[in-house]
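# Tertiary structure, described
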Number of protein chains: 2
Amino acid sequence: MFQVPKEEIANRLVAFQAALVQHRIDAAVIRQNTDLYYLTGTVQDAHLIVPASGSPCFLVRRDVRRAEEQSPIRPVVPLTSIKELPDHLDRACGSRPPRTLGMELDVLPASTFFFYDEKVFPKDRIVDVGTLLRQVRMIKSDWEIEMMRRAAVISDAVARAVPEFLREGVSELELCIELEAVARKAGHLGFSRVRTFNLEIYFGHILSGPEAATSSYADSPTGGPGVSPALGQGSGTRVIGRGDLVSVDTMVNHHGYLNDQTRNFALEAPPAELADAHRLSLELHAWLREAARPGAVTGELYREALEWAASRPLSQYFMGSEDASRVSFLAHGLGLEVDEFPFIARGQKTMLREGMTFAFEPKYIIPGIGIAGIENTYRVTARGLESLNLSGEQLVVVQTGPASGRSGATGGQRSAARPPGE
Amino acid sequence: MFQVPKEEIANRLVAFQAALVQHRIDAAVIRQNTDLYYLTGTVQDAHLIVPASGSPCFLVRRDVRRAEEQSPIRPVVPLTSIKELPDHLDRACGSRPPRTLGMELDVLPASTFFFYDEKVFPKDRIVDVGTLLRQVRMIKSDWEIEMMRRAAVISDAVARAVPEFLREGVSELELCIELEAVARKAGHLGFSRVRTFNLEIYFGHILSGPEAATSSYADSPTGGPGVSPALGQGSGTRVIGRGDLVSVDTMVNHHGYLNDQTRNFALEAPPAELADAHRLSLELHAWLREAARPGAVTGELYREALEWAASRPLSQYFMGSEDASRVSFLAHGLGLEVDEFPFIARGQKTMLREGMTFAFEPKYIIPGIGIAGIENTYRVTARGLESLNLSGEQLVVVQTGPASGRSGATGGQRSAARPPGE
């Protein structure tokens, strides 16, 4: 069975404890699934007490046996009642209240916070430690980068499968379903964690033609019509035809670690504006690969990228076609969650460091015509950015075979794919 | 495009306003996606102000145009800054602070609550209204029941497809992936909403053989080995063989409305204990269909069902094989979320009413042998329960054809399915 290595867990705990000391927090009590997985190697119904110094205390209500199998932390202590929690905390801290405790106030529901604050730790002061832990998680170890590389292999399997399924007469939704199955068979866990309230990510945005420019509530440059107001984004039932550009934006999960990738495909020749937009996106990626070095400030990179785009064609469509639908970020950190630090976004002050990872997605949304732009998951290195993604970045033109023009959604000759200019 | 009917929205708002009046809450400010969809018919980045009396105020940051397309509420008011919110609230309420405001404190993150409490509505008192809205949502309209029936059609498509894919040599995960694609092609949105912190639902639990009895952190009678400690539940890579019982527990989504179903399959003869367990589960369903009438108290139904099981064979395996892994509920409400009211669970005081819906899942978890038991989504009627599910409830025995015994995971003759005794 796959296990998070013992040294990983040890290093993470040390880094988190240093952050606790620095912020004068006596102990953290960790509850959320992602954070538990990061600090223990397992997702259980558990509380992890991390004192600013000394050994952590891993309290598991359920499932103790699986926690022992999956986590290197010892001992795994069965917790039968929440009433036992304060005693464990006193022992782990070597002190009694009042103390400053950290909990994940950025994700813990308000009513759950009240319960801990009033009933469980009434004499301690509880402060947010979710943001602090996200800052620790922001710097990926070599092992984590390797996990993210493996996730990129899944994305590549999806991108390679597109020409097999993309043909005239197939709908966005049908294409999306086929690609989901490819991703699952390639190891995608089927589920990607998010942190932000109300943020919902399913597999991705597989969008085509002019309707691809449909904006949505999602805090993403692309939205898409979706198939239901219950979801409000993503693929619709639009049938893909000749001349459409198809944007394949997918999120996949390898043992918790994510890869986010967008590639552009076209059924024969796409609109010239979208071919231009694709090329501009590539140029901006090339610029950022050089510019985003350790020490660069994310908010300044954002401003410079906007200036770059503003001085070139199609700038009015960059990251949204209207003020109301334009998003104010170009990249979002990712790792175990879709929305990690850092964000390359307006006003951000984070300075890049080696080991940070983010998905950069400069895109053009052109009403009445469609969308274009690619997305890579990058790692910050001393020499600039390294893309973890493996798929070719060119616009892939899929030729419809002579028989498939009337073949509809379920049949037809296999399509041939080639990058333009070959 | 699908729309939630105008009368639905109007009736829901009236019911919610009556609850606000009853609890002396001056206005509710609704933020969460599920609740917004319920009360407006659309999921947007929005605030819905519902005063105890008078017209609601639908404030949308993004996407205003789609909100207008999908929601019958007028006007849709663009919200450009959160600073405008207090003025809108004053106008909607016809009063100024201090007031009692309701927000969804059961889902709103603590830090988000602090923001509203300290910066946006500093003079008002904020109380939880999530629980109140869940109580309103607990009673489904005829239209909602119809949506849930359509979700059950998707579940039935999945159950019907099982004999096509279930054969010796296929793994749980492979079977699960095939069934996911069937569900998606039948209309499943691919995503099911939950309310409880840390509760994670993907498509379902497709579990087989003795390992199906693997418990997990999930608050569900079945857990499953899963394929990664990052997820910690669900199908594993176990290869299904002759004599295995296969439990197919799926959650599907039709325009936001869910159906939860479990059906049992076997590759030739399953272990006698599991055939018995399946039969016992059916008998308990038959008992509950009669017992669960309007006026029955959920906690008492729970106690009676446990007594029923305790007086019959295999009682030590009912709803879990050990104290630590045994769950303390038999049914969970569902509708727009997986974890709605009511719960048929220990100590619950909710009295059943017509229009309630819940998934009842009496299951037996037998270590070293496997799991059995079926699950239906029920509606409470004046005459007892009506199952919304369409799939046959018998244990379906799939015969492996003479050629398929050695065919492995990717080939082999189509299997034939028959209920036992035919």
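Per chain, residues are indexed from 1 in the order of the written sequence. Working convention: letters from A go to chains and numbers from 1 go to ligands, in the order in which they are written. For this predicted model, a pLDDT threshold of at least 70 governs which residues receive local features, and a threshold of 80 or more governs which side-chain atom pairs are given and counted, while totals over whole chains, interfaces and linings are taken from all residues. As a rule here, side-chain values cover all heavy atoms of the structure and leave hydrogens and water aside.

### With respect to the UniProt feature "domain: Creatinase N-terminal" (unreviewed entry) in chain A
We count it as follows: UniProt positions are given in the numbering used here, feature names are shortened, and annotations may be inferred rather than shown by experiment. The helix and strand labels rest on DSSP assignments: H or I over at least four residues marks a helix, E over at least two residues marks a strand, and numbering proceeds from the N terminus.
The UniProt entry lists residues 12-139 of chain A under the feature "domain: Creatinase N-terminal" (unreviewed entry), expressed in the numbering used here. The span residues 12-139 of chain A is 42% helical and 22% strand by assignment, and the distance between its end C-alpha atoms comes to 10 Å.

### Some details on the sheet that holds strand β12 (residues 357-360) of chain A
All names here are of chain A. The line we're drawing: Think of it this way: DSSP has to see at least two bridges between two strands before they count as a pair. Lines fitted to the C-alpha atoms define the axes, with helices restricted to the stretch that makes contact. Angles between their N-to-C directions range from 0 to 180 degrees. What makes two residues a contact is simply this: any of their non-hydrogen atoms within 4.5 Å.
If you walk across this open sheet you meet the five strands as β11-β10-β12-β15-β16, and the pairing is antiparallel. Each end of this open sheet is capped by a strand with a single partner; those strands are β11 (340-345) and β16 (384-387). On average, each strand axis in the sheet is inclined to that of its neighbour by 30 degrees, with strand direction left out of account. As defined by bridge partners, strand β10 (residues 329-333) adjoins β12 across three bridges and the pair is classed as antiparallel. Note that in β12 the partner of glycine 333 across the bridge is phenylalanine 358. Helix α7 (residues 142-165) contacts β12, β15 (376-381) and β16 of the sheet and is inclined by roughly 160 degrees relative to β15. Across the sheet, helix α10 (residues 298-310) touches β10 and β11, and the angle it forms with β11 is around 35 degrees.

### A word on the pairing of strand β9 (residues 257-267) of chain B
Residue and element names in this part refer to chain B. Spelled out, the test is: Burial here depends on accessible area, computed with a 1.4 Å probe over protein chains only, as a share of the maximum for the residue type. Under 20% is buried, over 50% is exposed, and the range in between is partly exposed.
Counting buried positions over the eleven residues of β9 gives eleven, a clear majority of the element. Across the two faces of β9 the burial is the same, with Tyr257, Asn259, Gln261, Arg263, Phe265 and Leu267 and Leu258, Asp260, Thr262, Asn264 and Ala266 all buried. Where strand β8 (residues 245-254) lies against β9, ten bridges are found, and the strand directions are antiparallel. Within β9, the residue paired with aspartate 249 across the bridge is threonine 262. Inspection of the sheet shows β9 paired to strand β17 (residues 396-399) by three bridges, in the parallel sense. Bridge pairing in β17 links phenylalanine 265 to valine 396.

### Let's talk about the interface of chain B and chain A
Using the following cut-off: Two parts placed together each lose some accessible area under a 1.4 Å probe, and adding up what both lose gives the buried area. We define a salt bridge as a side-chain nitrogen of Lys or Arg found within 4 Å of a carboxyl oxygen belonging to Asp or Glu.
Counting from both sides, the interface comprises 64 residues of chain B and, opposite them, 64 residues of chain A. Buried surface at the junction of chain B and chain A, summed over both partners, amounts to about 5500 Å²; 55% is from carbon and sulfur atoms. Counting the surface chain B buries against chain A, the share from its top three residues, B:Arg62, B:Phe197 and B:Pro229, is 15%. The interface formed by chain B and chain A contains six salt bridges. Across the pair A:Glu178 and B:Lys185 runs a salt bridge whose closest N-O atoms are separated by 3.6 Å.

### Details of the sheet that holds strand β15 (residues 376-381) of chain B
All names here are of chain B. Taking strand neighbours across the sheet as the criterion, the five strands line up as β11-β10-β12-β15-β16 in an open arrangement whose pairing is antiparallel. Sheet topology places β11 (340-345) and β16 (384-387) at the edges, where each strand pairs with a single neighbour. The sheet shows a mean angle of 30 degrees between the axes of neighbouring strands, direction not considered. Relative to the sheet, helix α7 (residues 142-165) contacts β12 (357-360), β15 and β16, its axis offset from that of β15 by approximately 160 degrees.

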